[in-house]
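# Report on the structure
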Amino acid sequence: MTIIDRKAAIAAYKERKAPTGIYAIRCASTGQQWVGRAADLDKIRNRIWFTLQHGSHVSKSLQAAWNAQSAENFELRRLEEIDEELTGYLKDRALKDRLTHWALELGAELT
């Protein structure tokens, strides 16, 4: 890869629109579920798994379930993406509303 190709790839990555939305984590062995919101759904799994592996996730119940089960029992799935045209307050309000909706719909805890 040339320097020009590398710079173009970096520029394209920085300009991409990150998908914002709601996700769910499910423990297959217990059926427990947690929902959360993410500014970048493409990266949230790595971030959460990292904190869980290091015992530092903010959700005590998710961390306890992770510690009691093997990592293979957990899956993350995207539930909903928020319109990328929304910004500021409207985006935040939409995320809060949809997070509440999915928590009630799935009987899930918030992360």
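Below you will find a few notes about this structure.

What counts and how
Residues numbered from 1 in each chain as written. Predicted model: local features only at pLDDT ≥ 70, side-chain atom pairs only at ≥ 80, totals over all residues. Heavy atoms only, no water. Helix = DSSP H or I, 4+ residues; strand = E, 2+ residues; numbered from the N terminus. Core = buried A, V, L, I, M, F, W, Y, C linked by side-chain atoms within 4.5 Å. Buried < 20%, exposed > 50% of the residue type's maximum accessible area, 1.4 Å probe, protein only. Contact = heavy atoms within 4.5 Å. Phe/Tyr/Trp six-rings, centres within 6.5 Å; stacked < 30°, edge-to-face > 60°. Pairing = 2+ DSSP bridges. Salt bridge = Lys/Arg side-chain N within 4 Å of Asp/Glu carboxyl O.

The next thing to look at is the environment of D42. Here D42 lies in the loop between β2 (33–38) and α2 (44–53). A sequence separation of 36 residues divides D42 from R78, and the C-alpha atoms of the two residues are 9.4 Å apart.

We now examine the nonpolar core. One finds Y23, I25, W34, I48, W49, L62 and F74 to be the most contacted residues of the largest nonpolar core, which totals 14 residues. When residues of this core are traced back to their parent elements, those giving at least two are β1 (21–27), β2, α2 and α3 (60–68). Among residues more than four places away in sequence, those in contact with I48 are Y23, I25, H57 and L76. Ranked by size, the runner-up nonpolar core spans eleven residues in total, among them A24, L79, I82 and A103.

Bringing the packing of aromatic side chains into the picture now. Under the definition given, this model contains three aromatic pairs. Ring plane angle 35° and centroid distance 6.4 Å describe the contact between W34 and F74, whose orientation is recorded as tilted. Of this pair, W34 sits in strand β2 while F74 sits in strand β3 (residues 74–81), placing them 40 residues apart in sequence. W34 gets classed as buried once you look at its relative accessible area, which sits at 0%. Plain terms: the ring middles of W49 and W66 are 5.4 Å apart, the flat faces sit at 80° to each other, and that makes the pair edge-to-face. Separated by 17 residues along the polypeptide, W49 in helix α2 and W66 in helix α3 bring together distant segments of the chain. The class of W66 is buried, set by a relative accessible area of 8%. Cluster of aromatic residues (ring-pair linked, three or more members): W34, W49, W66 and F74.

Counting buried positions along β2 yields five of six residues, so the element is predominantly enclosed. Both β1 and β2 contribute to a ladder of six bridges, which runs antiparallel. Note that in β2 the partner of I22 across the bridge is R37. Between β1 and the antiparallel strand that follows it, β2, lie five residues; G31 among them carries a positive phi value of about 80°. By the bridge criterion, two bridges tie β2 to strand β4 (residues 109–110) in an arrangement that is parallel.

A word on the pattern of salt bridges. Oppositely charged side chains may form a pair once their charged atoms are brought near each other. Scanning the model with the defined rule gives six salt bridges in all. A salt bridge links R37 to D92; the nearest nitrogen and oxygen atoms lie 2.6 Å apart. A residue pair is termed long-range when its members are at least 10 positions apart, and R37 in strand β2 and D92 in helix α4 (residues 88–106) qualify at 55 residues. For D92, a relative accessible area of 27% corresponds to the partly exposed category. Across the salt bridge formed by R98 and E80, the nearest N and O atoms sit 2.9 Å from each other. Taken together, the positions of R98 in helix α4 and E80 in strand β3 put the pair 18 residues apart, joining distant regions of the chain. Overlapping salt bridges bring together R37, D92 and K96 as one network.

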